[in-house]
Amino acid sequence: MVETIHAVLVAVDERVQAEIDSKQLERLASAVMERESLPPGELSILITDDTTVRRLNREYAGDDEPTDVLAFSLREGEEFASPDGVLRLGDVIISYPTALRQAVEAGRPVEAEIDHLLVHGVLHLLGYDHAEAEEEERMRRREQELLAPS
């Protein structure tokens with residue numbers, strides 16, 4: 001079975017790179033996929049800056065502002081069967097500066113905020129949404145379940 005989860009840190013300084021445990025992010029994403037009963041597959045995680053996230057948000061969502069996390073699914077749109085049978089979920093892109101600001105506001109470590117944003121992004125790739133109050137409650141509940149210590 002193939003499982004490839006890549007956490008990549010770009011456009012963040014060396015201090016930030018030293019603070020982020022990319023292997024921990026890969027383990028967390030893998031655990032979420034497993035707990036969501038998905039077969040092993042591929043997922044990319046990108047930790048970057050507000051400028052990059054703002055550009056992507058503007059280009060793909062029409063919102064000219066930075067945000068905390070973006071999720072780009074490879075499962076949306078026209079049905080496409082992978083020729084090698086590997087599940088390819090997509091990309092989760094997290095803005096480190098926004099995550100840091102939110103962590104400070106919430107009084108928690110930035111690592112916990114990044115974990116939360118990663119779970120949030122993966123759930124978006126799996127079809128969870130928060131456009132309606134009921135959907136938001138369902139998604140928040142699942143985030144809490146997935147982030148709770150096992």
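Placed above this text is the structure.
Here's a quick rundown of the structure. (Residues numbered from 1 in each chain as written. Predicted model: local features only at pLDDT ≥ 70, side-chain atom pairs only at ≥ 80, totals over all residues. Heavy atoms only, no water.)

### Observations concerning helix α4 (residues 96-106)
Next up, step 1: Burial in α4 covers these residues: Y96, T98, A99 and A103. Seen end-on, α4 carries its buried residues on one side only, within an arc spanning 160 degrees. The exposed residues of α4 that point more than 90 degrees off its buried face are V104 and E105.
Next up, step 2: Directly beyond the C-terminal end of α4, a positive phi value near 70 degrees is found at G107. (Buried < 20%, exposed > 50% of the residue type's maximum accessible area, 1.4 Å probe, protein only. Helix = DSSP H or I, 4+ residues; strand = E, 2+ residues; numbered from the N terminus. Arc of directions from axis to C-beta.)

### Quick notes on the pairing of strand β4 (residues 87-95)
The two faces of a sheet get side chains in turn, since along a regular strand they alternate between them.
Next up, step 1: By the criterion of burial, β4 is predominantly enclosed, with seven of the nine residues buried.
Next up, step 2: Bridge count between strand β2 (residues 41-48) and β4: eight bridges; the pairing is parallel. Within β4, the position partnered with E42 by the bridge is R88.
Next up, step 3: Two elements, strand β3 (residues 69-73) and β4, share five bridges in a ladder whose sense is antiparallel. Each residue of the ladder has a partner; that of A71, found in β4, is V92. (Pairing = 2+ DSSP bridges.)

Geometry only, nothing functional implied.
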